[in-house]
Amino acid sequence: GENVEQHPSTLSVQEGDSAVIKCTYSDSASNYFPWYKQELGKGPQLIIDIRSNVGEKKDQRIAVTLNKTAKHFSLHITETQPEDSAVYFCAAGGVRYGGSQGNLIFGKGTKLSVKP
Amino acid sequence: DVKVTQSSRYLVKRTGEKVFLECVQDMDHENMFWYRQDPGLGLRLIYFSYDVKMKEKGDIPEGYSVSREKKERFSLILESASTNQTSMYLCASVTGGNTEAFFGQGTRLTVV
C-alpha cells in the first residue's frame, strides 16, 4: 500500500522567512496530493492541493510543487507569519482502495513554529 | 459550509468499557473515515466506509469496530477500551473521488 514520509518533524523559522516541508510517496498510482494545516484544538483543514497533471500550484504565500518522477512533493510558505504556526500534514490519495477512491494516506506531520 | 460534527470533544472512560464515538456530516458525502492521531505518529486510518453498511479496515483496526447505518453518520466503537487507546480521534468525510477531506474537531479520549 501507499506510504508517505514527511520531513522535517519540527521546523522553527523567524517571521518573514520561508518554510519548506517535503514529502515522498511510494505508490506511483497516487494522483492527488493535499496539504492540511491543524491548529491547536482543531481538526486539520485543507490549505492547498495538487493533482498529478500539474507540477506547481500557488495560492498567495503558499505553493506546492510535485515531482512525479521522483515521487516527492513540497509545501513552500513565504513571508511566514506567527499565525502560520501549526502542524502541517501532507497526504497522498487517489488510489482505489477497496470500494473507495477517497482514501488518503497522511505523513506524520511537521510542527511549524514562526517566531516574531 | 460543510460540517463534520463529532459528538464529544473530551471523553474519559474506564478500562473495559464499551465506547461509542459518533460522527455526523451534512454534505451527503459517500466516504467517511476514522483516524487516530498520536504525537510523532501522525494520522493513522482505523476504518473507513464508502457507502451505507459498507466498511473496510484501515491500517490499525484492532480493538475497534464501526457502524454506518445512515449515510450521514459513522460511528467508531471501542468494544473493550484499553489504556493504549487513549488518543485523539478524528472523523473525516469526502465526496467520491479525489477531493477535499473535511475533518471534525476531534475527540480526545482518555482511558483510565
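Structure first, text after, so check above.
Rules of the game
Residues numbered from 1 in each chain as written. Chains lettered and ligands numbered in written order. Predicted model: local features only at pLDDT ≥ 70, side-chain atom pairs only at ≥ 80, totals over all residues. Heavy atoms only, no water. Helix = DSSP H or I, 4+ residues; strand = E, 2+ residues; numbered from the N terminus. Rg over C-alpha atoms; globule rule 2.2 N^0.38 Å. Buried < 20%, exposed > 50% of the residue type's maximum accessible area, 1.4 Å probe, protein only. Contact = heavy atoms within 4.5 Å. Areas by Shrake-Rupley, 256 points an atom, 1.4 Å probe, with all protein chains shown as cover. Lys, Arg positive; Asp, Glu negative; His and termini not counted. Charge placed at Lys NZ, Arg CZ, Asp CG, Glu CD. Buried area = accessible area lost by both parts, 1.4 Å probe. Core = buried A, V, L, I, M, F, W, Y, C linked by side-chain atoms within 4.5 Å. Polar contact = N/O pair within 3.5 Å; in protein donor to acceptor, adjacent residues only side chain to side chain. Salt bridge = Lys/Arg side-chain N within 4 Å of Asp/Glu carboxyl O. Pairing = 2+ DSSP bridges. Axes fitted to C-alpha atoms, helices over the stretch in contact; angles between N-to-C directions.

## Digging into the overall build of chain A
Of regular secondary structure, chain A possesses zero helices and 11 strands. In chain A, the order of α-helices and β-strands from amino to carboxyl end is β-β-β-β-β-β-β-β-β-β-β. On C-alpha atoms alone, chain A measures out to a radius of gyration of 14 Å, which is about the 13 Å that the 2.2 N^0.38 rule sets for 116 residues. The principal-axis extents of the C-alpha atoms in chain A amount to approximately 45 × 30 × 20 Å. For chain A, the residues scored as buried account for 44% of the 116 residues in total. In chain A, the share of contacts with a sequence separation of at least 24, taken over all contacts with a separation of at least 6, comes to 54%. By element, 47% of the accessible surface of chain A is carried by carbon and sulfur atoms, the whole surface being about 5600 Å². Considering chain A, the positive charge centre built from 13 side chains and the negative charge centre built from 12 side chains are found 5 Å apart.

## Some remarks on the interface of chain A and chain B
Listed per partner, the contact involves 24 residues of chain A and 25 residues of chain B. Between chain A and chain B lies a buried interface of about 1900 Å² when both sides are counted; carbon and sulfur atoms form 54% of it. Elements that contribute at least two residues to the side of chain A that touches chain B include exactly β4 (32–38), β5 (45–51), β9 (86–93) and β10 (104–106) of chain A. At three residues, β4(A) tops the list of elements feeding residues into the side of chain A that touches chain B.

## Digging into the nonpolar core
By size, the foremost hydrophobic cluster in this structure holds 24 residues, and its most contacted members are A:W35, A:F73, A:L75 and A:L112. Among all residues touching A:L75, those that are not within four sequence positions of it are A:A19, A:V20, A:I21, A:W35, A:I47, A:I48, A:I62, A:A63 and A:Y88. Ranked by size, the runner-up nonpolar core spans 20 residues in total, among them B:I46, B:I60, B:C91 and B:V111.

## As for the environment of B:D26
All names here are of chain B. Relative to the helices and strands, D26 resides in the loop between β3 (19–25) and β4 (31–38). Among the residues examined, D26 registers a relative accessible area of 46% and is labelled partly exposed. Taking the C-alpha atoms as reference points, D26 and S93, separated by 67 residues in sequence, lie 9.6 Å from one another. A polar atom in the side chain of D26 sits 2.9 Å from the backbone nitrogen of K3.

## A look at the pattern of salt bridges
Pairs can form between side chains of opposite charge whenever their charged atoms are close. Residue and element names in this part refer to chain B. Counted by the stated rule, this structure contains 10 salt bridges over all chains. Salt-bridge contacts for E22 lead to R73; the nearest nitrogen and oxygen are separated by 3.9 Å. Linking E22 in strand β3 with R73 in strand β8 (residues 73–78), this pair joins segments that are 51 residues apart in sequence. Judged by its relative accessible area of 38%, R73 falls in the partly exposed class. A salt bridge links R44 to D38; the nearest nitrogen and oxygen atoms lie 2.8 Å apart.

## What about the sheet that holds strand β1 (residues 4–6) of chain B?
Residues and elements named next belong to chain B. Across the sheet, which stays open at both edges, the four strands sit in the order β1-β3-β8-β7 with antiparallel pairing between neighbours. Taken across any chain shown, the strands that pair with only one partner, and hence form the sheet edges, are β1 and β7 (64–70). The mean inter-strand angle of the sheet, taken between neighbouring strand axes irrespective of direction, is 20°. Across three bridges, the pairing between β1 and β3 is antiparallel. Its bridge partner lying in β3, V4 is registered against Q25.

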